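Residue-level listing of the chains:
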Amino acid sequence: MKTPIDRFRFRPYQRPAAGWGALRSVTHAWLDSRQPFKNLRAMVQINQHGGFDCPGCAWGEAPDEGRIRFCENGAKAVNWEASGCAVDATFFAEHSVTELLAMDDYWLEYQGRLTEPMVYDAQTDHYKPITWDQAYEQIADHLNALASPDQAAFYTSGRASNEAAFLYQLFARTFGTNNLPDCSNMCHEASGVALLESIGTGKGTVTYEDFAKAEAIFVVGQNPGTNHPRMLEPLQQAVARGAQVVVLNPLRERGLEQFQAPQDPLQMVTNKASPMHTAYFRPALAGDIAVMRGIAKFLFQWQDEAEARNSERLNGHVDQEGRAGNGAEGKGIETGPLDLTFIQQHCEGFDAYQSVVTDTSWDEIVAISGLELDELERAAHIFARSDATIICWAMGITQHRHSVATIQEIANLQLLRGQIGKPGAGLCPVRGHSNVQGDRTMGIHEAPPQSLLDALATRFEISVPQSSGVNVVRTIEGMEKGKIKVFVGLGGNFAQATPDTANTHNALRNCDLTVQISTKLNRSHLVTGRDALILPCLGRTDIDIQANGPQAVTVEDSFSMVHASYGQLRALAAEMRSEPAIIAGIAQATLGEKPVDWLSLIEDYTRIRDLIEDVIPGFEGFNEKIQQPGGFYLQNPAGQRDWQTNTGKANFIAGPLPPPLPTAVLEKLGSLGHKADLVLQTIRSHDQYNTTVYSLNDRYRGITGDRRVVFANIEDIHRLGFDDRQPIDVVSIWEDEQERRISGFTLIAFDIPKGQAAAYYPEANPLVPLESFGVGSFTPTSKYIAVRFEPSTIAERIV
């Protein structure tokens, strides 16, 4: 099968986000699915009670939303998954793995759904059919032959359901390892680490309803117009009712400027749009921590000024006998911007934090933040005047070296005004994939809490591993060194989603066995171990029929709401199996009926949910709760001002503003006699979700027909001796002197701050050194890569 071809062009997009452009895009995706009328029936059931949860992002549902409950990218995700085209034995007989490796990621996934289990034949370089039982036995043979259970790694994508995730971690821990790396390691790991230390929970504290009560919403390091389009509506409504919506983002993103609501007839008929923000600041890459520090410094300054004025007023009200007057009544006493009562009752470490902020100079704050002092003051005034503030963030914050410290600085700021644990206020990490938060709740974690291990040991009478397992970075290192010999991927596209692409591919090829449980063909199926299996699974849209009839799975959104999801479309092929069924089949072949009768659980998923109820707090009455419309809320202790930290209170945590690169790298740049030309961040296009690319276009940035582009400021382009639209190579700079290069990219002059560049993920992933990760999180630093440009080493392209 071929894919559509469109000549590359760049034309800045002038229209609002969503609106007619979204409807045209959805229509194209719907028709391109090859089964449009079948999919149309399914689309009206997206995010509906009794329907299926969108396989896209983890944004939550408003209780009173109307009939249509999906966005443009949600519709694309559904039609992309529910393809009428099959990738079967005939396809693999026609195409060798080497031939497929030469195709781009878009072409690979465009071919359709995987429909039958396949095994790689290294002699012929082709995949060939294998029965399910043979596949399970091959996995079991490899696993049981390992010298240690820690020689296996079990990776999880955020697409997996709660039921699949729970069985997966139970299998891995019964087998004997905590090697459960997952996609959280590459995105919001810093959020969990930071918030757990600051407020005692790794999750956000707000609910969907809080957005309608907020007086100010700060959107930091996030592009919801592309990555969470359903977030645009509550932001639009906030601006319309007079709330402040403050954006901190280096790029001018269309989805943060103007929005045309597809479900608003008046806007659609008149072709009007609404503003998406009341203030837009463009900090330096990695400068957000200094922005938060600057706002805090203004708050302390204003608090001191208010207290000084109060002292003057009180000193001026002394009676004739020299005694103080009747307190502060009627004397214009100011409270100042800090919530001192909240701080005293609920917080620890305030004095040390205040001292750190006071000692941070304005010159340092301005230099690191990339904002002018008056901009910082304006942001601080907005924050100080709001009695109900939500701060949201995404991977623009989490994929830096000092992401944990940045998020803790965000938490510090909210604590100063008591903006956690009250209506319309709180901390909101906006998660990516639809159940990435639920997977962590279910125990997908290489460093699980002791309470989970104890609960598993007690309920299932098993000896669970006590030592921490490996995260994504350590998994790659382990495969490289031969310490991890079996890799099992539950969804996702590990080979492309991870950093340092060439080294990651070599690491996967060093495995004895790689197993991919997948819906569609991707590069991870082609970067194989010495043995390799593809196991085709059902997607969120597919009806899952087991022995006791159609089954529901459950997911958890960014607001800790747990929903039931019922597939609506008949599976494309009878050989496709559900993720829980595949995990149970592997477990049964490897462990027998230890510690459960795995195959019996698959007959009826209520049995799996009964086990979850026994082990995971908050899931009492699980099977009954998911029957109610909207699902149920997992209580958040910090949202109730119950601080489950080491101090029993919310913790102010602060230190000196850190450099964006390790000292050794900074020294390396100096020893090379030059500095990096620019710092580059990876971004996603509008026609993309995670590594899934729906087309080669990026409507909001004006790109059509190609993804091999680098965005830079025109002044930087000329300063470096290049021209707009010139083909270039990009080389990253790191202390190990290993060359990391992407070649034949087109340089595009774009509205981006000087000193910065941007390129698409995963095409730019080869530039990210594996050793460049966040302190405390091990998250790859994909938002801050020191690079230089060189003239292209491949033939120039027509642009």
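Above this note sits the structure.
Parameters at a glance
- Residues numbered from 1 in each chain as written.
- Predicted model: local features only at pLDDT ≥ 70, side-chain atom pairs only at ≥ 80, totals over all residues.
- Heavy atoms only, no water.
- Buried < 20%, exposed > 50% of the residue type's maximum accessible area, 1.4 Å probe, protein only.
- Helix = DSSP H or I, 4+ residues; strand = E, 2+ residues; numbered from the N terminus.
- Pairing = 2+ DSSP bridges.
- Contact = heavy atoms within 4.5 Å.
- Axes fitted to C-alpha atoms, helices over the stretch in contact; angles between N-to-C directions.
- 1 Å grid on protein atoms, 1.4 Å probe; cavity = no way out; pocket = protein on both sides within 12 Å on 5 of 7 lines; lining within 4 Å.
- Points joined across faces, edges and corners; volume = space filled by probe spheres on them.
- Nonpolar A, V, L, I, M, F, W, Y, C, P; charged D, E, K, R; others polar.
- Core = buried A, V, L, I, M, F, W, Y, C linked by side-chain atoms within 4.5 Å.
- Salt bridge = Lys/Arg side-chain N within 4 Å of Asp/Glu carboxyl O.

Colleague: Tell me what's going on with helix H9 (residues 189-199), and back it up with residues and numbers.
Modeller: Quick reminder: α-helices carry 3.6 residues per turn. Residues three or four places apart thus point the same way. Among the residues of H9, those classed as buried are Glu189, Ala190, Ser191, Ala194, Leu195, Ser198 and Ile199. Looking one or two residues past H9, Gly200 carries a phi angle of roughly 90°, positive in sign.

Colleague: Run through the sheet that holds strand E10 (residues 258-260), naming residues and quoting values.
Modeller: The mixed open sheet is built from 3 strands, whose spatial order is E2-E10-E11. Taken across any chain shown, the strands that pair with only one partner, and hence form the sheet edges, are strand E2 (17-18) and strand E11 (274-275). Pairing of E10 with E11 involves 2 bridges; the strand directions are antiparallel. By the bridge assignment, Gln258 is partnered in E11 with Pro275. Packing against the sheet, helix H11 (residues 232-240) makes contact with E2, E10 and E11, and its axis sits at approximately 110° to E10.

Colleague: Break down the layout of surface pockets for me, with residues and values.
Modeller: Put simply, the largest pocket is a space of about 1200 Å³. For the largest pocket, the lining is made up of 38 residues, of which Leu196, Gly202, Lys203, Arg440 and Pro449 are closest to its centre. Of all the secondary structure elements, the ones that give two or more residues to the lining of the largest pocket are H9, helix H20 (436-441) and helix H21 (450-460). Taken together, the residues of the lining of the largest pocket sort by class into 14 nonpolar, 19 polar and 5 charged.

Colleague: An account of the nonpolar core is requested, with residue identities and associated values reported.
Modeller: Counting 64 residues, the largest nonpolar core has Phe154 and Leu535 as the members making the most contacts within it. Leave out the neighbours within four places in its chain, and Leu535 touches Pro117, Trp132, Ala135, Ile139, Val515, Gln516, Ile517, Ser518, Ile582 and Ile586. Of all hydrophobic cores here, the second largest spans 53 residues; its members include Phe298, Cys347, Tyr353 and Phe652.

Colleague: Which residues make up the pattern of salt bridges, and what values go with them?
Modeller: One pass over the full model with this rule turns up 36 salt bridges. A salt bridge links Asp387 to Arg417, with the nearest nitrogen and oxygen atoms 3.1 Å apart. Placement of the pair is Asp387 in the loop between helix H17 (373-385) and strand E14 (389-393) and Arg417 in the loop between helix H19 (403-416) and strand E15 (426-429), with a sequence separation of 30 residues. Exposure remark for Asp387: the relative accessible area of 47% places this residue in the partly exposed category. Relative accessible area serves as the criterion here: at 8%, Arg417 is assigned to the buried category. Each of Asp729, Glu739, Arg741, Arg788 and Glu790 takes part in salt bridges that share partners, so that together they form one network.

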